[in-house]
Amino acid sequence: MRVVIIGGSHAGIACSMRAREEYPEAEIVLYEKQGTIGFVAQSIPLYLMGAPDFLKLRSYATVEVLESKGIAVRTETVVREVDTVAKEIRFMPRRGTTMGTDRYDKLVLATGSYPSLPLAAGEYHDQLLVVKNYDDAVRIKDLMKTASSVMVVGGGAIGVEMARVMVVNGIRTILLQAAASLLDRYLDDEVAAEVRRSLEDEGLEVHTSALVASIQEETQQGRRVAVVTTEDGHTYTVDGVIYAAGFRPNTGMMGGQLTLGDKGAVVVDDYMQTSVPDVLAVGDCSTTHVTHVAEPVYVPHASEAVRQGEAAAVNLVAPRRRLNPSQGTYNLNFGDETLCVTGISHKRALQEGYDALVASFRNEYITSDRYYTVWLVYERGTHKILGVQVRGNARELYVYADVASLAIERGLTVEDMEYSDFYFKHGFRDPRGTPMILARIVRTQDPVRG
């Protein structure tokens, strides 16, 4: 069996490694257009903040490691076409003109995503930057050396993190968000408002409900600047624009051969199979099934890419192992502050037809300023857990999101979690533990009858 994998990031690497475990005799070939594999985009902020060990952090896998396991890796190679009838791919060296052909028995698309670029008028080239790969990180680092002002377009996870990096480095930073609140895909308004106040306290200038109409690069007083105009007529002049308004799936090479869904991502089933036999899709180019969300959605996320990559490898020959739905579990760090999210927000729960309520509380250390605040989204009547948002500066808050993610996946209620054996929270004003505290609040808000 010849397995061809297109893409050498998280999903492609996970798939190739697991496929070698599952099918020791298979021929496995991985194509990657970049010169290296396994770039960790999450390390870009560390690089911009001056992390001395960035070269180690930027990748967790090497070509040599994969090849030592009998996986052929072809870097600097761009796959131009896929023919699902002939079961062939056509590729070209990144800096060449000669087209090559390869055949497959099983094809795994791990082609990833590309940054959403502005649908704005104007002429913009050097002063517009995106956040995706190592070269982008270097360009942003160079901008930071000379810039006194920067605009970040996009108030999602990447945009907020990049804006904070700029502010912490003493650069006047303006953040434009098209939606009415920051991190609107993850957070409810109350939580988003807290995050916004914290960022503004650090010096970030935030404008929500702000759509970019045009970006124009000009020379002013001997230096190149970007002039950004919004649809409501406001104009901002900055030294550079970091465009972080999300990503789109890289599925153009399929030429209409596969069924596409949300935002143009390849529709896959619970076994990562596409609409065409022997073709699977994983990671940022495919859709994701999210618990309590009716239709598959596009959720580009590193942990989801790894899960999908491994599942595709297991299911290459036949559908053997169903992939559990995602909860969209995230951990975002803003200096000492941490924000963890899993499941759906209250807004999304209402959109999906749930009669949902929110229970929240804040817990603090007795002897320090450490704290965390939890917002629990649950279904009225059943008390089924739908989502959790946690914010604070207490240690290892990501554990709350991990535990809540498992609870949501298993369909647990607040009462199911109430008497679970979690460690005693010594040092907090209320040491009983989050599930027990939330259960009492939920019973007060929504008493169970009968």
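The text that follows walks through the structure, step by step, so that each part is easy to find. (Residues numbered from 1 in each chain as written. Predicted model: local features only at pLDDT ≥ 70, side-chain atom pairs only at ≥ 80, totals over all residues. Heavy atoms only, no water.)

**Quick word on the packing of aromatic side chains**
Convention followed: Two rings from Phe, Tyr or Trp (for Trp, the six-membered ring) form a pair when their centres are within 6.5 Å of each other. A pair whose planes differ by under 30 degrees is stacked, one over 60 is edge-to-face, and the rest are tilted. Secondary structure is summarised from DSSP: a helix means a run of H or I of at least four residues, a strand means a run of E of at least two, and numbering begins at the N terminus for each. Each residue's exposure class comes from its accessible area (1.4 Å probe, protein chains only) as a fraction of the maximum for that residue type: buried when under 20%, exposed when over 50%, partly exposed otherwise. For a lysine, the NZ atom is tested; for an arginine, the CZ atom; a charge sits over a ring if that atom is within 6 Å of the ring centre and within 35 degrees of the ring normal.
Inspection of every chain in the model, using the stated rule, returns seven aromatic pairs. Here Tyr31 and Phe91 contribute two aromatic rings whose centre-to-centre distance is 5.2 Å and whose plane-to-plane angle is 40 degrees, an arrangement assigned as tilted. Here Phe91 lies in strand E5 (residues 88-93) and Tyr31 lies in strand E2 (residues 27-31), a separation of 60 residues in the sequence. Phe91 sits in the buried class, given a relative accessible area of 16%. Through a chain of ring-to-ring contacts, three or more aromatic side chains come together here, namely Phe361, Tyr365, Tyr372, Tyr400 and Phe428. A cation sits over an aromatic face here: Lys141 above Tyr47, 5.4 Å from the ring centre.

**Notes on the state of the cysteines**
Here is the rule: Disulfides are defined in this document as cysteine sulfur pairs within 2.5 Å.
Within this structure, the stated rule accounts for zero disulfides. Residue Cys285 stays outside any disulfide, its sulfur separated by 11 Å from that of Cys15, the closest cysteine.

**A word on unusual backbone geometry**
Its identity as a non-glycine residue notwithstanding, Lys87 has a phi of 60 degrees, on the positive side. Note on placement: Lys87 falls in the loop between strand E4 (77-83) and E5. Positive phi outside glycine occurs at Leu183, with the angle close to 50 degrees. For Leu183, the location among the structural elements is in the loop between strand E11 (172-176) and helix H7 (189-201). Relative accessible area serves as the criterion here: at 0%, Leu183 is assigned to the buried category.

**Quick word on helix H5 (residues 134-146)**
Under the convention used in this document: To obtain the arc, one takes the directions from the helix axis to the C-beta atoms. Contact between two residues is taken to exist if any of their heavy atoms lie within 4.5 Å; hydrogens are not considered.
Listed in full, the buried residues belonging to H5 are Asp136, Ala137, Ile140, Leu143 and Met144. Projection of H5 onto a plane perpendicular to its axis shows the buried side chains occupying an angular sector of 120 degrees, all on one side. Residues of H5 that are exposed and point over 90 degrees away from its buried face: Lys145 and Thr146. Along its buried surface, H5 packs onto helix H2 (44-48), strand E9 (128-130), strand E10 (149-153), helix H6 (157-168) and strand E16 (240-243).

**With respect to the pattern of salt bridges**
Stated precisely, the cut-off is as follows: When a carboxyl oxygen of Asp or Glu is within 4 Å of a side-chain nitrogen of Lys or Arg, the pair counts as a salt bridge.
All chains considered together, the criterion is met by 34 salt bridges. The salt bridge involving Arg95 is made with Glu76; its shortest N-O contact spans 2.7 Å. You can see Arg95 sitting in the loop between E5 and strand E6 (100-103) and its partner Glu76 sitting in the loop between strand E3 (71-74) and E4, a full 19 residues away along the chain. Look at Arg95 and you get exposed, because its relative accessible area is 69%. Note on Glu76: relative accessible area 27%, which makes it partly exposed. Put simply, Arg164 and Glu202 hold a salt bridge, and the shortest N to O gap is 3.0 Å. Taken as a pair, Arg164 in helix H6 and Glu202 in the loop between H7 and strand E12 (205-207) lie far apart in primary sequence, 38 residues in all. Via salt bridges that share partners, Arg2, Glu27, Arg74, Asp102, Arg103 and Asp105 belong to a single interconnected network.

**Some details on the sheet that holds strand E15 (residues 235-238)**
Strand pairs in the sheet, formed through backbone hydrogen bonds, run parallel or antiparallel to each other. Threshold: Being paired, for any two strands, means DSSP has found at least two bridges between them. Helix axes are fitted only over the stretch in contact, all axes being lines through C-alpha atoms; the angle between N-to-C directions runs from 0 to 180 degrees.
The sheet built from three strands is open, its strands ordered E13-E14-E15 with antiparallel pairing. The outermost strands of the open sheet, each flanked by one partner alone, are strand E13 (212-220) and E15. Averaged over neighbouring strand pairs, the angle between their axes works out to 20 degrees when direction is ignored. Judged from the four bridges that link them, strand E14 (residues 223-230) and E15 form a sheet pairing that is antiparallel. Residue pairing across strands places Val228 opposite Tyr236, the latter belonging to E15.

**Observations regarding the sheet that holds E16**
Read across the sheet, five strands follow the order E9-E16-E10-E11-E12 without closing on themselves; strand pairing throughout is parallel. The strands lining the two open edges of the sheet, one partner per strand, are E9 and E12. Here the average twist between neighbouring strands, direction ignored, is 20 degrees. Here E9 runs beside E16; their pairing, made up of three bridges, is parallel. When the sheet's bridge partners are listed, Val130 is paired in E16 with Tyr243. Packed onto the sheet, H5 meets E9, E10 and E16 and runs at close to 135 degrees relative to E9.

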